[in-house]
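Observations on chain architecture
Chain by chain, the residues:
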Amino acid sequence: MTDALLIALADPARWRLVSLLAERPRSVGVLAQLAEARQPQTTKHLQTLERAGIVTSQRSGQRRVYALRPGPLRDLAAELNRLADTADQVDGPRAAYDQYGLSLHTERLAAEKSGWADGRSFKFLRSLTGRPELVWRHLTEAALLAHWWTPDDLRTSELVFEARPGGRIVLEYRDTEDADGSDLVVGRAEGAVDETSPGERLAYQLSPLLPGGGLAFTAHVDLDLRPTDSGTDLDVHYRITNSAVDSADFLAGIEIGFGQSLDKLAATLAADPHRTDITDAHDTGITHITRGADDSDGTDTDTRSTKWQSRPPDAGSSPT
């Protein structure tokens, strides 16, 4: 019913007739005069409005008089208000979109030459549920990383993480609603691991790729884990070097995007602080970690390469 209303009201000529009928019921002839239109055209427009339920008519002598039905318009107004309220919810997806837009404008104005953002740094702190050994696994095992290492509304489509100094890193992701993988890749980044101290410290470099294949910048990311009474404090220091002029769009999303990723990590651990076997029907190429027979609590760390790659789900179902 909403679609029929919108289609009927979309025509300026019909909208003019609705405005005239809002004042009082009027005959076809009078409506045609006031709208400065031919009577046959006015009749056709009124018939369209009547089929949509917006107006009603009755014969009065030789004339047909039309009147506006306010109920459908009130229903439409309520639906439009509901949509506006949904889009305007506090801390909702639109809020992040608006925040990114403001940051994007600022960064584009600042990006005048290569190296323009070098030395820029960001700091993040998250208090996580789970021991440092468990948090470490979520930071370094691709099958676990894949479930949180993207901002909201994105999904990991390929991830390689070799948790050893010099190990290779690849992160690629798509829109979560890109069900068949036909849309463009949202982002891809490549890098390498610098330092690993299992359960204590992880450092790596990661460079988002520009559309032409060049590097937007290099992010130097240091993650320090500290045990607490309730779990683990994760300190993240994110520093920029080698920033290209065209990297402004990527820089604008770091604070929002990486922050959202860390929030997803915190939520994952809070939901089940002991779960480490996260997989789904669309995961492929996962290297399963085999542990020693005496590793009963799962605290020993395996530093072999792990790779995760998703395939698009069956029908129906900024790099950081």
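In every chain, residue numbers begin from 1 and rise along the written sequence. Totals for whole chains, interfaces and linings use all residues, but because this is a predicted model, local features are given only for residues with pLDDT of at least 70 and pairs of side-chain atoms are given and counted only at 80 or more. Hydrogens and water are ignored here; the side-chain numbers use all heavy atoms of the structure.

Quick notes on the overall build of the chain
Definition in use: Runs of H or I in DSSP of at least four residues are treated as helices and runs of E of at least two as strands, each being numbered from the N terminus. Partly exposed describes any residue whose relative accessible area lies between the buried limit of under 20% and the exposed limit of over 50%, with all areas from a 1.4 Å probe on protein chains only and scaled to the type maximum.
On a plain count of helices and strands, the chain comes out with 10 helices and 12 strands. Residues classed as buried in the chain amount to 41% of the 320 residues present.

Details of the environment of D194
Where we set the bar: Between two residues, a contact is recorded if the distance between any of their heavy atoms is within 4.5 Å.
Here D194 is to be found in strand 7 (residues 187-197). D194 gets classed as partly exposed once you look at its relative accessible area, which sits at 37%. Taking the C-alpha atoms as reference points, D194 and D222, 28 residues apart in sequence, are found 9.3 Å from one another. D194 has contacts with P165, A203, Y204 and Q205, leaving out every residue within four places of it along the chain.

Brief notes about the pattern of salt bridges
Close approach of charged atoms allows side chains with opposite charge to pair. Short version of the rule: One side-chain nitrogen of Lys or Arg within 4 Å of one carboxyl oxygen of Asp or Glu is enough to make a salt bridge.
For the structure on display, the rule yields 18 salt bridges. Notably, a salt bridge pairs R108 with D249, separated by 2.9 Å at the nearest N-O pair. Note that R108 is positioned in helix 6 (residues 93-110) and D249 in helix 9 (residues 248-251), a separation of 141 residues in sequence. With a relative accessible area of 48%, R108 lands in the partly exposed category.

Describing the pairing of strand 9 (residues 218-227)
In plain terms, the rule: We treat two strands as partners when DSSP finds at least two bridges between them.
Pairing analysis gives six bridges linking strand 8 (residues 201-208) to strand 9, with the strands arranged antiparallel. Paired with Y204 across the two strands is V221, which belongs to strand 9. Sheet analysis places strand 9 next to strand 10 (residues 231-241), joined by 10 bridges and oriented antiparallel. Its bridge partner being in strand 10, L225 is matched across the sheet by L234. What sits between strand 9 and strand 10 in their antiparallel hairpin is a turn of three residues.

A word on the side chain of H220
The condition that has to hold: Nitrogen and oxygen atoms within 3.5 Å of one another constitute a polar contact, given that in protein one can donate a hydrogen and the other can accept it, and given that sequence-neighbouring residues count only through two side-chain atoms.
Relative to the helices and strands, H220 is located in strand 9. Classification of H220 as buried rests on a relative accessible area of 17%. There is a polar contact of 2.8 Å between the side chain of H220 and the side chain of T241. Beyond its immediate stretch of four places on either side in the chain, H220 contacts Y204, Q205, H237, Y238, R239 and T241.

Regarding empty space enclosed by the protein
Put simply, the rule reads: Space inside and on the surface of the protein is sampled on a 1 Å grid over the protein atoms alone, with a cavity defined as a set of points where a 1.4 Å probe fits but cannot get out and a pocket as an open set with protein on both sides within 12 Å along at least 5 of 7 lines; lining residues have an atom within 4 Å of a point. Grid points are joined across faces, edges and corners, and a volume is the space filled by probe spheres set on the points. Any residue that is not Ala, Val, Leu, Ile, Met, Phe, Trp, Tyr, Cys, Pro, Asp, Glu, Lys or Arg is counted as polar, Gly included; the first ten are nonpolar and the last four charged.
Counted as a void, the largest cavity has a volume near 50 Å³. If you trace the largest cavity, you find it lined by L139, L145, W148, W149, F161, L202, Y204, L223 and F258. Within the lining of the largest cavity, the residues separate by chemical class into nine nonpolar, no polar and no charged.

Looking at the packing of aromatic side chains
Counted only if it meets this: When two rings of Phe, Tyr or Trp (its six-membered ring) have centres within 6.5 Å they constitute a pair, described as stacked for plane angles under 30 degrees, edge-to-face for angles over 60, and tilted for the intermediate range.
In total, this model carries seven aromatic pairs according to the counting rule given. Look at F124 and F258: their rings are 5.1 Å apart centre to centre, the planes differ by 65°, and that puts the pair in the edge-to-face class. Of this pair, F124 sits in strand 4 (residues 121-129) while F258 sits in helix 10 (residues 254-271); the two residues are 134 residues apart in sequence, bridging distant segments of the chain. Overall, F258 belongs to the buried group, its relative accessible area being 1%.

A short note on the packing of helix 7 (residues 132-140) against helix 10
The following threshold applies: Only the contacting stretch of a helix is used when fitting its axis, a line to C-alpha atoms as for every element, and angles between N-to-C directions run 0 to 180 degrees. In these notes the angle categories are as follows: under 35 degrees is roughly parallel, over 145 is roughly antiparallel, 65 to 115 is roughly perpendicular, and the rest is oblique. Crossing handedness is read from the near helix: turned anticlockwise from the far helix by less than a right angle, it gives a left-handed crossing, and turned clockwise, a right-handed one.
Interaxial distance between helix 7 and helix 10 falls to 12 Å at its minimum, and their mutual angle equals 130°. What the angle tells us is that helix 7 and helix 10 run oblique. Every pair of crossing elements has a handedness; the one defined by helix 7 and helix 10 is right-handed. For the pair formed by helix 7 and helix 10, the contact residues are L134, V135, H138 and L139 on the first element and L265, T268 and L269 on the second. Residues that form the contact of helix 7 with helix 10 fall into these classes: five nonpolar, two polar and no charged.

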